[in-house]
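Residue-level structure breakdown
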Amino acid sequence: MAIHKDTMLSVVAPCYNEEEVIGEFIIRTVEVLEENFHNYELLLVDDGSKDSTVEKIAEFQRKNSNIRLIRFSRNFGKEAAVTAGLEHSNGEVVVMLDCDLQDPPSLIPSLVKKLDDGYDIVSAQHTMRRKETWIKKSTSKLFYRLAAHMTGLTIPDTVGDYRVMRRKVVDAVTSVKDNVRYMKMIYAYVGFRNATVLYEREPRFAGYTKYNYPRLIQAALDAIISFSDKPLRYISLMSLGVSAFALLLTIYVIAYKILMGNTAAIANGWTSLVVLINMLFCLLFAFLAVISEYISRILRESKNRPLYFAEEIRGGRTEYPSILTQK
Ligand code: UDP
Ligand code: MG
């Protein structure tokens, strides 16, 4: 279906402790939307901010009824916030972007326009990563390669969360109810016709990044583990190899003793014994670590708890003062 000025457009942005940037974000986004679309909603999901983000959003809501707010009861993480935004969006076309202005709102019209070339989901692909250390660049490259190998789903390392999609893609994405969630992987998993638009990623307008290394590692593990059992299969194959090696070594040592009748030669080899024990224990603990990562995620999935609690939904057609999790 062709997109025109009257097509209902939803813009979803997760916000967590963004008081320094949220005002500027709303001003710039609304300006672009007013100019290009007659029917829009700006859906801001507050992920349990402890600063004045919610109050700042409320100020803008008094002036513009197209701004909606979903306020979480606490911090549930960006993936939950994005999911809530998608679940509550009404648009025929939905845009996702961060609210720190690293994803320039001025790009929205060209992303939407690209859908008209016969695509269902258009991602913004940045040309270079400014202000990022080489360690971050190379670890992120490594992660995307590893993820592609393990899951068979390819996501380019220069594509972030900034994208626009048609309603059918939104419905497909929200029908994936995984509790262990990594949205970029889910977008790749649901398929549909994909395209990218190049842009230059801005530095954060103000405020600070919420993603430190432990959080990034956690997200990387979520991404791979929720879409691949290859690590488990690798360790089971490796276990076979290690067991075969240990068995052969045992046969060799026993045969040596029987044939040569000389235990001293074996006793002399205690250095190799220490090395061997260390090596086997290292492997064993590494295998246990992989299994533990899977078990902890199986636990999270099996409880099947709601992904988030929305304490309040303000603006739009309906207002919900009570706790709710679904549309
Ligand atoms: N965010 C969120 N919940 C969180 C962490 C981040 O909603 O627990 C939002 C944040 O407000 C921003 C986006 O997710 O709009 C990206 O976060 P950030 O800019 O800190 O990540 P980076 O761009 O540094 O990877
Ligand atoms: Mg950012």
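Refer to the structure above for everything that follows.
Predicted model, so just to flag it, every value in this text is computed and none were measured.

1. A few points about the coordination of the magnesium ion (ligand 2)
On the protein side, the magnesium ion (ligand 2) has Asp100 (OD) and Gln102 (OE1) as donor atoms, found 1.9 to 2.0 Å from it. Residue classification places aspartate 100 among the buried residues on the basis of a relative accessible area of 4%.

2. Concerning the side chain of arginine 297
Here arginine 297 shows up in helix 11 (residues 270-303). The class for arginine 297 is buried, based on a relative accessible area of 3%. Filtering out sequence-adjacent residues up to four positions away, arginine 297 remains in contact with Val180, Gln218, Leu221, Asp222 and Ile225.

3. Here's the deal with the packing of aromatic side chains
Tallied over the full model, the rule gives nine aromatic pairs. Each ring, one from phenylalanine 143 and one from tyrosine 182, has its centre 6.1 Å from the other, and the planes form 80°; the classification is edge-to-face. Of this pair, phenylalanine 143 sits in helix 5 (residues 134-151) while tyrosine 182 sits in the loop between helix 6 (167-175) and helix 7 (183-190); the two residues are 39 residues apart in sequence, bridging distant segments of the chain. The burial state of phenylalanine 143 is the same as that of tyrosine 182; both residues are buried. Aromatic side chains tyrosine 252 and tyrosine 256 sit 5.9 Å apart centroid to centroid with 55° between the ring planes, which places their arrangement in the tilted category. Within this pair, tyrosine 252 and its partner tyrosine 256 are both found in helix 9 (residues 230-260), separated by four residues, close to a single helical turn. Relative accessible area serves as the criterion here: at 24%, tyrosine 256 is assigned to the partly exposed category. The rings of Phe72, Phe76, Tyr308 and Phe309 are connected pair by pair, giving a single aromatic cluster.

Here is what the cut-offs are and how they apply
Residues numbered from 1 in each chain as written. Chains lettered and ligands numbered in written order. Predicted model: local features only at pLDDT ≥ 70, side-chain atom pairs only at ≥ 80, totals over all residues. Heavy atoms only, no water. Donors = N, O, S within 2.8 Å, 3.2 Å for Na, K, Ca; no water. Buried < 20%, exposed > 50% of the residue type's maximum accessible area, 1.4 Å probe, protein only. Helix = DSSP H or I, 4+ residues; strand = E, 2+ residues; numbered from the N terminus. Contact = heavy atoms within 4.5 Å. Phe/Tyr/Trp six-rings, centres within 6.5 Å; stacked < 30°, edge-to-face > 60°.

So, to be careful, I would describe these as geometric facts and stop short of saying anything about function.
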